[in-house]
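Coordinates in review
Listed below are the residues making up each chain.
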Amino acid sequence: MDPGIGGRIAAARKLAGLTQHALARRISYSTSMLSKVERGEEIPAPEFLGRVADSLGVRVERLAWNRFEWRHEDDELATRLSPVRAALDLLDLQPDSAIAPRPLAVLQADVRYLNRLAQAAQYEPMIALLPSLVAELHIAAESCAGQDRHDAWALLALTTRCGHSAGIAVGDNTLSVNALGKMDWAARQAGGRAPGLRAAREYLRVTAYLRDEDYAACWRLNNAGAALLDGAEDAPGALVARGQLRLGASVISARTGDRDAMTGHLEEAARIAALTGEEPETFWFGFGPANVQVHRVVTFGALGEHSLAVEAGRALRIPTGWLPTRIGHHHLDMARSYRWLNQPEKALKQLQRARMVAPGQARRHPMTRETVSSLVRSARRQSETLTSYAAWLGLKL
């Protein structure tokens, strides 16, 4: 690890007039861990940096810097996104009347296939299919009547959602924001499905602001999503959306160090999940009892309680046919906790599992690069498996 991060933390701490012990107490980490970070012996996780920045009253960007550059071998994927951007942008025009839409049942099957591609991190075929499906659903939604019209708009909302997935995959926040805006536009015209779809969209916006550590925006969006469901308990998917928003709230609470609120949101999500059972394809959140348990791993990790995170992960039983990206992200969370517990072999095994189940996600996810970088720098002897994994990621060590 480049010692610059630790040096900047130490300088900001001293400027604030704090000892290592005092800062460690503020951020709920051990003094020995803070000392290792300041000496450059440990790479701090985003949660660690966030707490230090909040405690010292500085921006995370001032502290963070990673010399492990990522070689963008997947730039070709980004170059394929122009048709996706155009398809989303042109939705404000009249639909192409030259398109003869297929029956709704056929379009529904295609939307399901598109979202399964997204949830398997198979971005290339998803991107290839998305523009034409957007155009076809647009003309279908405008030309249908009655319930078919509402259903077509709902399908269009679930299709534009995949534009958000594409934006996340290549780090294009503008594309992600535009796609979610179009999702809400379509969802508003989906009749009884509107409340659930619109609340789901707000949850997706929460995840975007979590990456930016803008927790005030996260709470505004989470509350807005919950408000959309007030009085709409019988709307399709409303219970799943409410449960997923509770999971989002648990992560925000954990990131901000509110353990009691985190526990309360998880308990309410578990209550809802007991009612819904496993609902992997409703809004493609993977909501259900398994996802609640996954979020116990996420939230304990965010609190820095990595032993509890690993314990929760061991108790998870992954449902058959669960979403690959949800499984892959769980393995990445487990890898991070094992790394913090100084169990590099187990961390690497979790990384390998993440690569096996959803390679497209594992290769692009910042948490993968963070964990592998730390394992490389802390290893006394780098195994061939570890160096091979780092090379696969495109890390320049």
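Right above here is the structure, for reference.
Described in the following lines is the structure provided in the data block. (Residues numbered from 1 in each chain as written. Predicted model: local features only at pLDDT ≥ 70, side-chain atom pairs only at ≥ 80, totals over all residues. Heavy atoms only, no water.)

As a further point, take the side chain of Asn115. Note that Asn115 resides in helix H8 (residues 104–119). Of the residues examined, Asn115 reaches a relative accessible area of 0% and is grouped as buried. Beyond its immediate sequence surroundings of up to four residues, Asn115 is in contact with Leu158, Arg161, Cys162 and Trp284. (Helix = DSSP H or I, 4+ residues; strand = E, 2+ residues; numbered from the N terminus. Buried < 20%, exposed > 50% of the residue type's maximum accessible area, 1.4 Å probe, protein only. Contact = heavy atoms within 4.5 Å.)

The next thing to look at is the pattern of salt bridges. Two side chains carrying opposite charge are able to pair once their charged atoms lie near each other. Enumeration over the complete set of coordinates arrives at 19 salt bridges. A salt bridge links Arg112 to Glu281; its shortest N-O distance comes to 2.8 Å. One end of the pair, Arg112, is in helix H8; the other, Glu281, is in the loop between helix H15 (259–276) and helix H16 (289–303), and 169 residues separate them in sequence. Of the residues examined, Glu281 reaches a relative accessible area of 29% and is grouped as partly exposed. Taking the shortest distance from any N to any O, the salt bridge between Arg201 and Asp184 comes out at 4.0 Å. Residue Arg201 is located in helix H12 (residues 194–211), and its partner Asp184 is located in helix H11 (residues 173–187); the two are separated by 17 residues in the primary sequence. In this structure, Arg201 and Asp184 share a single accessibility class: buried. One salt-bridge network, held together by shared partners, links Asp184, Arg188, Arg198, Arg201, Glu202 and Arg205. (Salt bridge = Lys/Arg side-chain N within 4 Å of Asp/Glu carboxyl O.)

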